Amino acid sequence: MKQLLLVIFSGLILTQSTAQEKLNVVFILTDDHRHDAMGFTGRIPWLETPNMDLMAKQGVWVKNATVTTALCSPSRASILTGQYAHTHTVVDNFSPLPKNLRFFPEYLQKAGYQTSFFGKWHMGHQGDQPQKGFHHWESFTGQGVYFNPRLNINGARTQYKDSAYITDLLTDHAIEWIKKQKKGQPFFTYISHKGVHDEFMPAPRHRGRYANKPIPYPSTINLTAKQGSKIFGDTTQLPLAHRAASDPSYNVKDIPSWVWAQRNSWHGVDFMYNGRVWFDEFYRRYCETLLAVDESIGRIIQTLKETGQDKNTILVYMGDNGFLMGEHGLIDKRNMYEESQKVPLLVYAPAHIKGGQILDAVIQNIDIAPTVLDIARVEKPSQMQGTSFLPLLKGAKIAWRSKAFYEYYWEYSFPQTPTTFGLRDGRYKFIYYPGVWDVSELYDLETDPEEKKNLWRHPDYQETAMRLRNELWDWLEQTGGMQIPLKRITEKRGDYGMHGLY
């Protein structure tokens with residue numbers, strides 16, 4: 001009898017020990033946060049993000065993090081499923097979620113985790129309804145609003161008033177949930193901010209913080225300017241097309257036609273958002289809106305310390321896609337340019353991961369799901385196309401991909417950007433536009449990080465161009481992507497000069 005009790009008692013100790021060893025994960029996703037809009041990168045000299053800076057200093061900055069599709073719904077679906085957009089088929093912001101999709105929090109639940117979701121879902125016209133994989137649920141419909149939101153909390157809707165600010169509200173509720181978690185009970189929480197999605201609205205305490213700050217215009221902002229276009233900054237430093245034509249660091253003649261046309265559209269600097277906002281104000285508001293997101297990170301870190309969970313929690317911060325701020329005369333995302341494709345990705349766990357690291361490996365949003373499952377000691381499901389980068393975070397020398405693939409499918413709501421396929425392989429990037437009569441693009445990111453000089457027709461790069469093009473088609477063939485997943489179009493919409501014409 002004593003031996004039996006000893007075996008049972010030993011089993012209980014082992015079970016408790018195993019449960020305690022399972023790390024908690026806090027995943028914070030922000031909206032439209034470009035990869036270099038963090039104080040420590042120096043891209044925006046006056047931008048203050050002390051908590052992101054802390055995560056980079058004491059954690060890991062994943063410098064080459066990219067998304068497979070730079071658009072809200074496809075990227076979010078890729079994060080949750082570990083799959084490419086042509087596999088999960090949520091290829092735009094209107095596509096329905098297939099019923100057979102499995103989200104990684106479902107596997108966490110089976111592994112004994114408590115799971116929660118706070119914020120923007122925005123996939124497949126699902127509204128704010130609770131989704132599978134989460135024990136606790138708080139969300140809003142569509143893009144939501146910055147002030148006085150209505151939240152669906154576990155199926156019951158609550159309308160907030162008194163100028164409640166969405167970033168603060170979601171953080172308050174996430175902190176409240178974290179504080180309720182029992183010691184030894186592993187948890188996963190997904191905080192999905194509305195910020196910094198347009199229309200940018202900073203918290204009242206941050207409004208006007210950067211009102212007089214100079215705008216660091218990109219070098220390519222004026223290249224597609226035509227007669228009557230808006231001109232930005234000092235044209236001796238930010239050249240117009242006619243002057244750049246004689247500069248060997250530019251290739252104006254091979255700027256795609258769609259880029260020239262998009263300048264004077266909803267997503268171009270001449271007519272941005274139907275002309276309702278001035279570029280400089282738009283830039284400063286973006287940065288001011290980001291401040292509350294950074295404060296949210298700090299509050300979460302402080303809560304983990306106060307609850308004693310800081311030693312057994314991994315905090316991951318990421319953007320759902322990048323965002324252009326005047327590069328190539330454009331704003332928004334969708335295209336494959338660096339500012340659109342790359343995203344911020346920070347991992348913070350001082351007790352488990354060496355701080356101050358810069359990880360150069362090519363990490364994509366499809367890698368998040370298998371990485372979180374790896375942290376939870378859950379085997380990666382066979383349908384996931386991403387790979388856990390946890391070994392890289394811990395300094396292991398393992399074989400890793402050098403390539404980042406990209407796909408974007410033309411949307412009838414925003415017809416300015418064509419269907420785009422591409423491949424980023426080390427220093428080179430190849431961009432292809434099927435279905436339109438336009439030039440492809442090839443860039444040497446090592447010598448031309450601002451993508452000013454299209455090398456597609458350069459005789460010295462034809463072998464590289466052919467290799468990348470073949471590798472792109474190989475990827476599509478091998479992953480079941482050799483089709484355009486068409487969706488029913490019922491909306492009559494157009495852009496500047498085309499309203500209601502189709």
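Here is a short report on the structure shown in this document. Bear in mind the structure is a predicted one, so any value in this text is a computation, not a measurement.

1. Observations concerning unusual backbone geometry
For step 1, the next point in the chain: Between G195 and the following residue, V196, the backbone shows a cis peptide bond with an omega angle of 10 degrees.
For step 2, the next point in the chain: You can see V196 is positioned in the loop between β8 (187–192) and α7 (241–244).
For step 3, the next point in the chain: A cis amide bond links D198 to the next residue, E199, at an omega of 0 degrees.
For step 4, the next point in the chain: With respect to the secondary-structure elements, E199 resides in the loop between β8 and α7.
For step 5, the next point in the chain: Backbone geometry places Y273, a non-glycine residue, at a positive phi of 50 degrees.

2. Some thoughts on the sheet that holds strand β17 (residues 428–432)
For step 1, the next point in the chain: Strand order in the open sheet formed by four strands is β15-β16-β17-β18, and the pairing between neighbours is antiparallel. Looking at which strands have only one partner, the edges of the open sheet turn out to be β15 (403–408) and β18 (441–444). On average, adjacent strands in this sheet sit at an angle of 10 degrees to one another, irrespective of strand direction.
For step 2, the next point in the chain: Pairing between β17 and β18: four bridges, direction antiparallel. Looking at β18, one finds that Y428 is bridged to D444.
For step 3, the next point in the chain: Its contacts with the sheet place helix α14 (residues 462–478) against β15, β16 (420–425), β17 and β18, and it is angled at close to 115 degrees to β16.

3. Here we look at the pattern of salt bridges
A side chain of one charge can pair with a side chain of the opposite charge when the charged atoms of the two come close.
For step 1, the next point in the chain: Enumeration according to the criterion identifies 34 salt bridges in this entry.
For step 2, the next point in the chain: Across the pair D320 and R76 runs a salt bridge, and its minimum N-O distance is 3.1 Å. Of the two residues, D320 sits in the loop between β9 (313–319) and β10 (324–325) while R76 sits in helix α3 (residues 72–81), which places them 244 residues apart along the sequence.
For step 3, the next point in the chain: The exposure class of D320 is buried, given its relative accessible area of 0%.
For step 4, the next point in the chain: On the accessibility criterion, R76 (1% relative accessible area) is buried.
For step 5, the next point in the chain: In this structure, the salt-bridge partner of R102 is E106, at a minimum N-O distance of 3.3 Å.

4. What to know about the state of the cysteines
For step 1, the next point in the chain: A full pass over the atoms with the stated rule returns zero disulfides.
For step 2, the next point in the chain: Free of any disulfide, C72 has its nearest neighbouring cysteine sulfur in C287, separated by 18 Å.
For step 3, the next point in the chain: Its relative accessible area of 1% is what places C287 among the buried residues.

5. A short note on the side chain of Q309
For step 1, the next point in the chain: Position of Q309 relative to the elements: it lies in the loop between α10 (279–306) and β9.
For step 2, the next point in the chain: A polar contact of 3.1 Å, which involves the side chain of Q309, links it to the side chain of N24.
For step 3, the next point in the chain: Setting aside residues up to four positions removed in sequence, Q309 forms contacts with N24, Q181, K182, K183, F187 and L304.

6. Some points on the layout of surface pockets
For step 1, the next point in the chain: Each pocket or cavity is described by its volume, and for the largest pocket that value is around 440 Å³.
For step 2, the next point in the chain: Lining the largest pocket we find 22 residues, and of these H35, E338, K342, L445 and P449 sit closest to its centre.
For step 3, the next point in the chain: Looking at the lining of the largest pocket residue by residue, the classes come out as four nonpolar, five polar and 13 charged.

7. Re helix α2 (residues 50–58)
For step 1, the next point in the chain: Within the span of α2, buried status applies to N51, M52, M55 and A56. Buried residues in α2, looked at end-on, bunch into an arc of 145 degrees, giving them a common side. Away from its buried face, by an angle of more than 90 degrees, α2 presents the exposed residues P50 and K57.
For step 2, the next point in the chain: Of the surrounding elements, those touching the buried residues of α2 are β2 (60–62), α10, β9 and β12 (345–348).

Cut-off values and rules
- Along each chain, the written sequence defines residue order, and numbers are assigned to residues from 1.
- Only residues with pLDDT of 70 or above have their local features reported here, since the model is predicted, and side-chain atom pairs are shown and tallied only from 80 upward, although totals for entire chains, interfaces and linings are computed over all residues.
- Working from all heavy atoms in the structure, the side-chain values ignore hydrogens and water.
- Where helices and strands are cited, they refer to DSSP runs of H or I of at least four residues and of E of at least two residues respectively, numbered from the N terminus.
- Here, any two strands with at least 2 DSSP bridges between them count as paired.
- Angles shown run from 0 to 180 degrees and are taken between the N-to-C directions of axes, each axis being a line fitted to C-alpha atoms and, for helices, limited to the stretch in contact.
- Contact between two residues is taken to exist if any of their heavy atoms lie within 4.5 Å; hydrogens are not considered.
- Here, a salt bridge means any side-chain nitrogen of Lys or Arg that lies within 4 Å of a carboxyl oxygen of Asp or Glu.
- Note on classification: 1.4 Å probe, protein chains only; a residue is buried when its accessible area is under 20% of the maximum for its type, exposed when over 50%, partly exposed between these limits.
- A pair of cysteine sulfur atoms is labelled a disulfide when the two atoms are within 2.5 Å.
- By the criterion applied in these results, polar contacts are pairs of N or O atoms within 3.5 Å in which, for protein atoms, one can donate a hydrogen and the other can accept it, and in which residues neighboring in sequence qualify only through two side-chain atoms.
- Here a cavity denotes grid points, spaced 1 Å and computed from the protein atoms alone, that fit a 1.4 Å probe unable to get out, and a pocket denotes an open set having protein on both sides within 12 Å along at least 5 of 7 lines; residues with an atom within 4 Å of a point are the lining.
- Grid points are joined across faces, edges and corners, and a volume is the space filled by probe spheres set on the points.
- Amino acid classes used here: Ala, Val, Leu, Ile, Met, Phe, Trp, Tyr, Cys and Pro are nonpolar; Asp, Glu, Lys and Arg are charged; the rest, including Gly, are polar.
- Each C-beta atom gives one direction from the helix axis, and the arc is the one those directions make.

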